[in-house]
Amino acid sequence: VVKKSLTQNVTIIEPQKDVSLFLRRSRIFIILSKNEGLPNVVLEAAMAQVPSIVSNFDGVNELIEHHKTGFIVDSSTDVMRYALMLMNNDKLRRDIGRQAQQQAIKKFSYRNQQEFINELCAGDIQS
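Residues numbered from 1 in each chain as written. Predicted model: local features only at pLDDT ≥ 70, side-chain atom pairs only at ≥ 80, totals over all residues. Heavy atoms only, no water.

1. Observations concerning helix 4 (residues 90-108)
Formally: A run of H or I in DSSP becomes a helix once it reaches four residues, and a run of E becomes a strand once it reaches two; helices and strands are each numbered from the N terminus. Helix span is expected to be 1.5 Å times the residue number reduced by one. Think of it in three bands: with a 1.4 Å probe and only protein chains considered, a residue is buried below 20% of the maximum accessible area for its type, exposed above 50%, and partly exposed in between. Regarding the arc, it is the one traced by the directions from the helix axis to the C-beta atoms.
Given a rise of 1.5 Å per residue, 19 residues ought to cover 27 Å, and the 26 Å separating the end C-alpha atoms of helix 4 matches this to within 8%. Taken together, the buried positions of helix 4 are R93, I96, G97, A100, Q101, Q103 and A104. Taken end-on, helix 4 shows its buried residues confined to a sector of 170 degrees, consistent with a single buried face. Along helix 4, the residues that are exposed and aim more than 90 degrees away from the buried face are K91, Q102 and K106.

As structure tokens, this is what we get:
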């Protein structure tokens, strides 16, 4: 952030217990950790219609559909490119945010998760 002279546009905050306030104020969400497992905060961002830029970790494709519901990156160059693209295009940012929310509701709703658990318990899931 300092090297790229972004301190006027980027705020790095301390860890928070309730991220919803920050997500509602945000235009994009970036998480670059590769050690998060399935980061629920990406789903929380999606529910707030905030598009995410995430590192390429195992299982990321279950959360993000690249270029449709967010962006999956492998380099800092990609992070900057997609962040600038979203910050400079309000329509794209809103469209991706809406699509992210729709996907989160469809794939990760309580009802969807309960149905998946019921199928697991019944042995109906095929590998």
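Next, the rest of the story.
2. A closer look at the environment of L23
What counts here: Should any heavy atoms of two residues lie within 4.5 Å, those residues are counted as being in contact.
Within the secondary structure, L23 sits in helix 1 (residues 20-25). Judged by relative accessible area, L23 falls into the buried class, the value being 5%. Each residue touching L23, except ones within four places of it in the same chain, is listed here: F29, V41, E44, A45, A48 and V50.

3. Focus: the packing of helix 2 (residues 40-47) against helix 4
Let me state the cut-off plainly: Fitted lines through C-alpha atoms serve as axes, helices being fitted only where they are in contact, and the angles separating the N-to-C directions of these axes extend from 0 to 180 degrees. We call two directions roughly parallel when the angle between them is under 35 degrees, roughly antiparallel when it is over 145, roughly perpendicular when it lies between 65 and 115, and oblique otherwise. Each crossing is labelled by how the near helix is turned from the far one, with a counterclockwise turn of less than a right angle marking it left-handed and a clockwise turn marking it right-handed. Residue classes follow a fixed rule: Ala, Val, Leu, Ile, Met, Phe, Trp, Tyr, Cys and Pro count as nonpolar, while Asp, Glu, Lys and Arg count as charged, and any other residue, Gly among them, counts as polar.
The N-to-C vectors of helix 2 and helix 4 enclose an angle of 120 degrees; their axes lie 7 Å apart at closest approach. Looking at the two axes, helix 2 sits oblique to helix 4. For helix 2 against helix 4, the interelement crossing comes out left-handed. On the side of helix 2, the interface is formed by L43, A46 and M47, while helix 4 contributes G97, A100, Q101, A104, I105 and F108. Counted by class, the contact of helix 2 with helix 4 contains seven nonpolar, two polar and no charged residues.

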